Amino acid sequence: MSILTQIAKSRQIYAFLNAQRRCKSSTVAEFKYQKKLNVPPESLGIVAGRKWLPGSTAQNNKFPKRIAAPKVNMPAVYTASETQTSVTTWAEKARGIIDSKLHIFGAILFRGLPILNSGHLAQFVKALGYEQHSYAGGSGTRRNVDDYIMTANDTDPSPFSIEPHNEMSYTNHYPHKILFYCDQPVGPGRGGENVIADGRVIEKHLHPDVLIKCEIGRASCRERV
């Protein structure tokens, strides 16, 4: 699927006890699960009145003032217990969580990993073991940063708001998973938010007639592609 001795007899007891002490003091590399991401309300992105967001500046628009706060398990949060363990080992542990939980939660946030640059991120993604997806046919302006890693958007400066969407949904070879990594957080009021929404929940709120039109449009798109 698409989308890092032999010892003298007199020292045997000491060595055994010392090994026990080391085991007791060592830290086990595990992810700590948190069902909800807590963020300050003032840090949530502005929606109503946001420039270039269709309809948001219309008089009496019904847009909420800010992006909705994270909900339970959207995303589910998994924090690394320490940073001494290798990136590849953490990737192996993350793979187990992704395979068993992603289809349930829809989004997972991994925090506290020893990933400090794009090279570390490339190691992590490679160690996950998923088949890498090509961006051939994609409509965004992106460039390769490292193996398996691309920029999210190189349109600079970009005044436009990129609304929630399914990655490469206009093609017949869209990725099954997508990973995001923030290398350098921007300052308050500068934008840069990557909004994540659960398409399964949105679908439940759509009128049946809209769903029919979406199915017709998707079939037509597949035929053209």
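Higher on the page you've got the structure.
The shown structure was predicted, so the numbers you read here are calculated from the model rather than taken from an experiment.

Colleague: I tried to follow the environment of Thr89 on my own but got confused; where do I start?
Modeller: If you trace the backbone, Thr89 turns up in helix α2 (residues 87-105). On a C-alpha basis, the gap between Thr89 and Ala29 in space is 8.8 Å, while along the polypeptide they are 60 residues apart. In this structure the side chain of Thr89 is engaged in a polar contact, spanning 2.9 Å, whose partner is the side chain of Ser86.

Colleague: It is not clear to me how α2 should be interpreted in this structure. Could you clarify?
Modeller: Across its 19 residues, α2 extends only 24 Å between first and last C-alpha, which sits more than 12% below the 27 Å expected from 1.5 Å per residue. Packing partners of the buried residues in α2 comprise β1 (31-34), β2 (76-80), β3 (108-111), α3 (118-128) and α4 (199-204).

Colleague: Sorry if this is basic, but what is going on with the nonpolar core here?
Modeller: Nonpolar side chains tend to gather and get buried jointly when the protein is soluble and globular. Among the nonpolar cores identified, the biggest contains 23 residues, and Phe31, Tyr78, Phe110, Leu113, Phe124 and Leu128 are the most heavily contacted of them. When contributions to this core are tallied by element, the ones reaching two or more residues are β2, α2, β3 and α3. The residues contacting Phe31, other than those within four sequence positions of it, are Tyr78, Thr79, Ala80, Trp90, Lys93, Ala94, Ile97, Phe110 and Leu113.

Colleague: Even after reading the chapter, I still don't get the pairing of β3, so can you show me in this structure?
Modeller: Look at any regular strand and the pattern is simple: side chains alternate between the two faces of the sheet. The alternating pattern of β3 places Ile108 and Phe110 on a buried face and Leu109 and Arg111 on a face that is not buried. Two elements, β2 and β3, share 4 bridges in a ladder whose sense is parallel. The residue bridging Val77 from the neighbouring strand is Leu109, located in β3. This β-α-β element, β2 to α2 to β3, shows right-handed connectivity.

Colleague: Before we go on, may I ask you to explain α3 in this structure?
Modeller: The periodicity of an α-helix, 3.6 residues per turn, causes residues three or four places apart in sequence to face the same way. Those residues of α3 not exposed but buried are Leu121, Ala122, Phe124, Val125 and Leu128. All buried residues of α3 project into a common sector of 160° when viewed along the axis, lining one side. Residues of α3 that are buried make contact with α2, β4 (144-146) and β5 (149-150). Looking at where α3 begins, the residue whose side-chain oxygen comes 3.0 Å from the main-chain nitrogen of Gly119 is Asn117. Downstream of α3 by a residue or two, Gly129 has a phi angle that is positive, lying close to 85°.

Colleague: Explain a nonpolar patch on the surface to me, please; I cannot follow it from the model alone.
Modeller: Taken together, the side chains of Ile202, Leu206 and Val210 present a nonpolar region at the surface, about 220 Å² in accessible area. Among the structural elements, Ile202 can be located in helix α4. Residue Ile202 is classed as partly exposed on the basis of its relative accessible area of 44%.

Criteria and thresholds
- Residues numbered from 1 in each chain as written.
- Predicted model: local features only at pLDDT ≥ 70, side-chain atom pairs only at ≥ 80, totals over all residues.
- Heavy atoms only, no water.
- Helix = DSSP H or I, 4+ residues; strand = E, 2+ residues; numbered from the N terminus.
- Polar contact = N/O pair within 3.5 Å; in protein donor to acceptor, adjacent residues only side chain to side chain.
- Expected span 1.5 Å × (residues − 1).
- Contact = heavy atoms within 4.5 Å.
- Core = buried A, V, L, I, M, F, W, Y, C linked by side-chain atoms within 4.5 Å.
- Buried < 20%, exposed > 50% of the residue type's maximum accessible area, 1.4 Å probe, protein only.
- Pairing = 2+ DSSP bridges.
- Right-handed = clockwise from strand over helix to strand, strands pointing away.
- Arc of directions from axis to C-beta.
- Patch = residues over 30% accessible without salt bridge, like charges linked within 9 Å, V, L, I, M, F, W, Y side chains within 5 Å.
- Areas by Shrake-Rupley, 256 points an atom, 1.4 Å probe, with all protein chains shown as cover.
- Salt bridge = Lys/Arg side-chain N within 4 Å of Asp/Glu carboxyl O.

Take it as geometry only, folks, not as evidence of what the structure does.
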